[in-house]
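# Secondary and tertiary structure notes
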Amino acid sequence: MEERFELVIIGGGPAGYTAAIEAAKHGIKTALIEKDTLGGTCLQRGCIPTKTILHGASLYAKAQREKEKGIFGGELKIHMGMLQEHKREVIHQLQEGIAMLMKKNKVQVISGTGSILDRHTVLVKEEGERKIFAEKILIATGSKTAVPKIPGWNLKNVLTSSEILDSEEIFPRLTIIGGGVIGMEFASIYSDLGCQVTVLEFMDRILGNMDREISQNLKMILKKRGVEIHTGAKVEEIKQGPQGNLICTYQEKEERKEAVSEGILLAAGRHPAAEGLFEGSFEIETEGGRILTDENGETSVRGIYGAGDVTGGSMLAHAASAQAVNAVRHMAGKPPLLELSCIPGCVYTDPEIACTGLTQDEAKKQGLEVLVKKYPMSANGKTVLSGEDRGFIKVVAEKESRRILGAQMMCARATDMISQFSAAVVNRQTLEDLGRVIYPHPTFSEGIGEAVRD
């Protein structure tokens, strides 16, 4: 007997399991196909494990600096084996939570690799094969690590972000190839662990898709902590050194240089995981490996949708979840719930970085006359008393209407506070709207009020 569902979801990451929960709210009979374990890259090899290790490394580094505040203790050590075990416990706990939600919402979870035979048929391969009928299909297969095929990329201790997340070794020296979000978060982690870190970035600055001032400030702060950052650096090859170390050769300002270290991290980003999704002659429209969708998440084949990293764009877990919710609501004949034009981005360095809406440069490119308000967090009481590094809050508003268009934050708890600016952008609030709010003292959030008021 053929299995029949109203919705079949391929992929159990943030887009997939969120879509399944949303479908249950609308009474849609749903099956979710996952070849690994629930949670996707975010839970297993991305957001959660990275931030767990980062949190541990940050605590270790901050504890070492507490002598400045009159707090003394014995010799501090960090046990990577125990930190890795804690990471696994966190992942397991959250995986169990997702599995419970699937059961509670009566979503049938099917183990195996899903591929599409035709508009209404999904083939599931595990030990054998089974065909499932679906009125509608949602592709949520996520993304995978991009591995630049630099000569020597496959040498021992040349690792991807997924591999280094499972490593219990703290390299005395680490070279990071790539100065994007992944590269800079790992630069923070290994710098906090006492490792000598060198970052090689091909572009003219780190975090090239963010506000230029953020890139400049982070580079300066990390430099003070001993991190070497080389921009405009073109990596040529990796080779084994005479003492078992690794030598990374690169070009910088037409000069050939070498970075020597015990470990190398390939942090060149991620790309959509759309390979093997279609069987036979069936296909949908794609571009550069990503699945193309319209504003409702629907692909070129009616009834088949896509959400999350596999569609390109903002490869962020919260973006994937939002896209999935709107796609399922469209299937159910409901209007979109979430505003996809304003997706916040966060970088969990120290200090944290968070951005939402338009930067000053982006607004100007759209022909908008803008007003930029900036507040230095060195004047914020909570920042000073807690010994946080210098940072700032920058707000971009339309000059005439004073409507908030975007914000960029570089300070403690920036990732927690950015949502206030996202709400302002989505709800078309002005500087005065946020300025009327009373912020408690002393808090980091006081900086928001200071930034928006004249």
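Relevant structure appears above.
In short, a report on the structure. Here the structure is a predicted model, which is why all the values come from computation and not from measurement.

### Concerning the overall build of the chain
- Counting its regular elements, the chain contains 13 helices and 24 strands.
- The C-alpha atoms of the chain give a radius of gyration of 24 Å, which matches the 22 Å a tight globule of 454 residues would have.
- Overall, the chain is about 70 × 65 × 50 Å in size when its C-alpha atoms are taken along their principal axes.
- Each of the 454 residues in the chain was classed as buried or not, and the buried ones make up 52%.

### Notes on the sheet that holds strand β12 (residues 233-240)
- Read from one edge of the open sheet, three strands run β12-β13-β14, paired in antiparallel fashion. If you trace the sheet from one side to the other, it starts and ends with β12 and β14 (255-261), each paired once. Strand-to-strand twist in this sheet, taken as the mean axis angle between neighbours without regard to direction, amounts to 25 degrees.
- Bridge count between β12 and strand β13 (residues 246-252): seven bridges; the pairing is antiparallel. For A233, the partnering residue across the bridge sits in β13 and is E252.

### Observations concerning the sheet that holds strand β24 (residues 404-410)
- Pairing is antiparallel in the open sheet, where five strands are placed in the order β20-β21-β24-β23-β22. The strands lining the two open edges of the sheet, one partner per strand, are β20 (345-347) and β22 (370-376). Averaged over all neighbouring strand pairs, the angle between strand axes comes to 10 degrees, with direction disregarded.
- Two elements, strand β21 (residues 353-357) and β24, share five bridges in a ladder whose sense is antiparallel. Within the sheet, the bridge partner assigned to A354 lies in β24 and is M409.
- Against the sheet, helix α7 (residues 212-224) makes contact with β21, β22, β23 (392-398) and β24, and its axis sits at roughly 5 degrees relative to β24, the strand it touches most.
- On the sheet, helix α11 (residues 414-426) packs against β20, β21, β23 and β24 and is oriented at approximately 175 degrees with respect to β24.

Cut-offs used in this document
- In every chain, residue numbers begin from 1 and rise along the written sequence.
- Under the rules for a predicted model, residues below a pLDDT of 70 receive no local features and side-chain atom pairs below 80 are neither given nor counted, while totals for whole chains, interfaces and linings still include all residues.
- Working from all heavy atoms in the structure, the side-chain values ignore hydrogens and water.
- A run of H or I in DSSP counts as a helix once it spans at least four residues, and a run of E counts as a strand once it spans at least two, with each numbered from the N terminus.
- Throughout, radius of gyration means the C-alpha value; the globule benchmark is 2.2 Å times the number of residues raised to the power 0.38.
- Here the term buried applies to any residue with accessible area under 20% of the maximum for its type, exposed to any over 50%, and partly exposed to those in between, with areas from a 1.4 Å probe on protein chains only.
- Note on pairing: two strands pair once DSSP finds at least 2 bridges between them.
- Simply put, an axis is a line fit to the C-alpha atoms, just over the touching stretch for a helix, and the angle between two N-to-C directions goes from 0 to 180 degrees.
- Any pair of residues with heavy atoms lying within 4.5 Å of one another is described as a contacting pair.

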